[in-house]
Amino acid sequence: MLKEIQGGVCSAKGFTANGVHCGIRKNRTKRDLALIYSEVEASAAAVYTTNLVKGAPIAVTKKNIENGKAKAMICNSGNANTCNANGVEIAEKTCELLAKEMGISASDVIIASTGVIGQPLDITPIANGIPALVKGLGSENSTLACEGIMTTDTKVKEIAFEFTVGGKVCRIGGIAKGSGMIHPNMATMLVFVTTDCNIAPAMLQKALSEDVKHSFNMVSVDGDTSTNDMVSVMANGLAGNAEIVCENEDYVAFTKALASVTQYLCRKIAGDGEGATKLLECKVDGAKDETTAKVVAKSVICSSLVKAAMFGSDANWGRVLCAIGYSGMDVDVNKVDVSFRSAKGEILVCKDGAGVPFSEEVAKEILLEAEIEILVSLNDGEAKAVAWGCDLTYDYVKINGDYRT
């Protein structure tokens, strides 16, 4: 049974974390370097962006965790270390500096970067900041680490759960950053998960790779797939359960706990989209297969016109049908029903592909809420899916118009 607990990435046994300002970002009040550490070697797994342009840290992390093991994760914000001639050298040097300070192997480090693309990254502030970063490691510092990975995020995104595997109490927690340039495929933004569950590297990778298909791959803020997207998990086994080496009951229990963390973070990322005022959740049911359900759901939350209508609290259901129509899926539009739902109630706006009489005033009240559900019934099967996004506001353009300068 899952139980929400406090502690984020420090909730699991043996994990500590920290976040400091080292000088990459000009604003001294902003932390720009984060660290998560496991006191024992942990199973490690990750998934990465599918963008052909990839941040240098991705190449280094891939190499470092080829053996499925890691002990630490370090991440800087303020600079993506992408499209730099010496990017890999900087990432490797960061791992070496951290390893020397901590007395571990450089190959046991997961490394990530986030921020502006195409600007040189100076190793000096990182080198100067690592000693304080390591010295300040603590079992209550998940939030500090989360602050260290934030860029245009306005809210800290962290969560933790307690669950049982093989009669042993396990814990799993995660932190995330992501506000703009969010339209992943294979992973998303930056997400770091820790757990004390004992699970073999191969099974951990399998669980993560399957999970992102239903979690982070179903999130979109602006349609742009980042160069640095990565989700990583470290599992150190200190909970003492028998190692999970196959798809048994224990594996299922672990995947459910992982999904609880990832889907919570999905909602937080979508709701904190750049300039966003509303979280949009499109729930599709009655699809002929899962692929149809997923593609339709994501098409709806990716529609700029749907997003703009939700910003204006306008029950413009025709835009929802339009997005379904160009999704590329084989859908009988004459069977489609659409409703809008929030804490203020639910209203049917479309039945069998055609509009139905409804109160614009009631619809407006429903759509003024901060969390909106767009309910789509395709009435053509049993498959379902959920996708998360946000509204499109004036502030999105303001934020991204001069993001670099």
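In the block above lies the structure referred to throughout.
The structure reproduced in this document is the subject of the present report. All residue numbers here refer to positions counted from 1 along the written sequence of the relevant chain. Side-chain atom pairs in this predicted model are given and counted only at pLDDT of 80 or more, local residue features only at pLDDT of at least 70, and totals for whole chains, interfaces and linings cover all residues. Think of the side-chain values as coming from all heavy atoms in the structure, minus any hydrogens and water.

### Concerning the overall build of the protein
Here's step 1: Secondary structure follows DSSP: runs of H or I at least 4 residues long count as helices, runs of E at least 2 residues long count as strands, and numbering of each begins at the N terminus. Each helix and strand in the protein was counted, giving eleven helices and 15 strands.
Here's step 2: A radius of gyration in this sense is built from C-alpha atoms; the matching globule rule multiplies 2.2 Å by the number of residues raised to 0.38. In terms of overall dimensions, the protein is globule-like: its C-alpha atoms have a radius of gyration of 22 Å, near the 22 Å expected for 405 residues.
Here's step 3: For the C-alpha atoms alone, the extent of the protein along its principal axes is close to 70 × 55 × 35 Å.
Here's step 4: Should any heavy atoms of two residues lie within 4.5 Å, those residues are considered in contact. Within the protein, counting contacts between residues at least 6 apart in sequence, those at least 24 apart form 81% of the total.
Here's step 5: Charged side chains in the protein number 40 positive and 49 negative. The centres of these two groups are separated by 4 Å. When charges are tallied, Lys and Arg are placed among the positive residues and Asp and Glu among the negative ones, while His and the ends of the chain are skipped. Throughout, a charge is located at the NZ atom of Lys, the CZ atom of Arg, the CG atom of Asp or the CD atom of Glu.

### Points about the environment of cysteine 75
Here's step 1: One can find cysteine 75 in strand β4 (residues 69-79).
Here's step 2: You can call cysteine 75 buried: its relative accessible area is 0%.
Here's step 3: Spatially, the C-alpha atoms of cysteine 75 and aspartate 32 are 8.1 Å apart, while their sequence positions differ by 43 residues.
Here's step 4: Residues contacting cysteine 75, with those up to four places away along its chain left out, are Asp32, Leu33, Ala34, Ala112, Ser113, Ile149, Leu190 and Phe192. Only protein chains enter the accessibility calculation, which uses a 1.4 Å probe. A residue is then buried if its area is under 20% of the maximum for its type, exposed if over 50%, and partly exposed in between.

### Thoughts on the pattern of salt bridges
Here's step 1: The term salt bridge refers to a side-chain nitrogen of Lys or Arg lying within 4 Å of a carboxyl oxygen of Asp or Glu. A complete count under the given rule lists 20 salt bridges for this structure.
Here's step 2: The salt bridge partner of lysine 283 is glutamate 281, with a shortest N-O separation of 3.8 Å.
Here's step 3: The salt bridge partner of glutamate 373 is lysine 283, with a shortest N-O separation of 2.7 Å. Note that glutamate 373 is positioned in strand β14 (residues 371-377) and lysine 283 in strand β10 (residues 279-287), a separation of 90 residues in sequence.
Here's step 4: For glutamate 373, a relative accessible area of 16% gives the class buried.
Here's step 5: Judged by relative accessible area, which is 29%, lysine 283 ranks as partly exposed.

### A short note on the side chain of aspartate 272
Here's step 1: Topologically, aspartate 272 is positioned in the loop between α6 (249-271) and β10.
Here's step 2: Identification of polar contacts relies on pairs of N or O atoms within 3.5 Å, with a donor-acceptor requirement for protein atoms, meaning one able to donate a hydrogen and the other able to accept it, and with residues adjacent in sequence counted only if both atoms are side-chain atoms. A polar atom in the side chain of aspartate 272 sits 2.4 Å from the side chain of threonine 154.
Here's step 3: Of note is the side chain of aspartate 272, whose polar atom sits 3.3 Å from the backbone nitrogen of lysine 155.

### Notes on the sheet that holds β10
Here's step 1: Sheet architecture is open: six strands sit in the order β13-β12-β11-β14-β10-β15, paired in mixed fashion. Unpaired on one side and paired on the other, β13 (354-355) and β15 (383-390) mark the two borders of the sheet.
Here's step 2: Pairing between strands is defined by DSSP: at least two bridges between the two strands are required. Examined bridge by bridge, strand β11 (residues 337-342) and β14 share five bridges and lie antiparallel to one another. Following the sheet pairing, serine 339 is matched in β14 by leucine 375.
Here's step 3: Here an angle of 0 to 180 degrees is reported between the N-to-C directions of two axes, which are lines fitted to C-alpha atoms, with helices fitted over the stretch in contact. Running over the sheet, α6 touches β10, β14 and β15 and is turned about 40° from β15.

### Some words on unusual backbone geometry
Here's step 1: Although it is not a glycine, cysteine 83 adopts a positive phi angle of roughly 65°.
Here's step 2: Along the chain, cysteine 83 falls in the loop between β4 and α2 (87-102).
Here's step 3: The exposed category is assigned to cysteine 83, whose relative accessible area is 56%.
Here's step 4: Look at serine 313: it is not a glycine, yet its phi comes out positive at around 55°.

### Structural notes on the environment of cysteine 95
Here's step 1: If you trace the backbone, cysteine 95 turns up in helix α2.
Here's step 2: Residue class for cysteine 95 comes out buried when judged on its relative accessible area of 2%.
Here's step 3: When the C-alpha positions of cysteine 95 and isoleucine 74 are compared, they lie 8.0 Å apart, and in sequence the two are 21 residues distant.
Here's step 4: If we ignore the near neighbours within four places in the chain, the residues touching cysteine 95 are Val60, Asn64, Ala106, Val109 and Ile111.

### Topic: α6
Here's step 1: An expected span of 1.5 Å times one less than the residue number is assigned to each helix. Over its 23 residues, α6 extends 33 Å from the first C-alpha to the last, a length consistent with the 33 Å expected when each residue adds 1.5 Å.
Here's step 2: Every buried residue of α6 is accounted for by Asp250, Tyr251, Phe254, Ala257, Leu258, Ala259, Val261, Thr262, Leu265, Cys266, Ile269 and Ala270.
Here's step 3: On its buried side, α6 packs onto β6 (157-165), β7 (168-177), β8 (190-195), α5 (201-214), β10 and β15.

### Section: the packing of α5 against α6
Here's step 1: Where α5 meets α6, the closest approach of the two axes is 10 Å, and the angle between their N-to-C directions is 45°. As far as their axial angle goes, α6 and α5 are oblique. Helix-helix and strand crossings are classified by hand; for α5 and α6 the assignment is right-handed. Of α6, the residues touching α5 (which contributes Met203, Leu204, Lys206, Ala207, Leu208 and Asp211) are Tyr251, Phe254, Thr255, Leu258, Ala259 and Thr262.
Here's step 2: Tallied by class, residues from the contact of α5 with α6 come to eight nonpolar, two polar and two charged. Angular relationships are summarised with four words: roughly parallel below 35 degrees, roughly antiparallel beyond 145, roughly perpendicular across 65 to 115, and oblique for the angles in between. Two helices crossing with the near one rotated counterclockwise from the far one by less than a right angle form a left-handed crossing, whereas a clockwise rotation gives a right-handed crossing. Side-chain classes follow a simple rule in which Ala, Val, Leu, Ile, Met, Phe, Trp, Tyr, Cys and Pro form the nonpolar group, Asp, Glu, Lys and Arg form the charged group, and the remainder, Gly included, forms the polar group.

### Overview of the environment of asparagine 76
Here's step 1: Relative to the assigned elements, asparagine 76 resides in strand β4.
Here's step 2: Taking C-alpha positions, asparagine 76 is 16 Å from lysine 54, a pair spaced 22 residues apart along the chain.
Here's step 3: When near neighbours in sequence (up to four residues on either side) are disregarded, asparagine 76 contacts Ile24, Asp32, Leu33, Ala112, Ser113, Thr114 and Leu121.
Here's step 4: A polar side-chain atom of asparagine 76 sits 2.9 Å from the main-chain carbonyl oxygen of asparagine 79.

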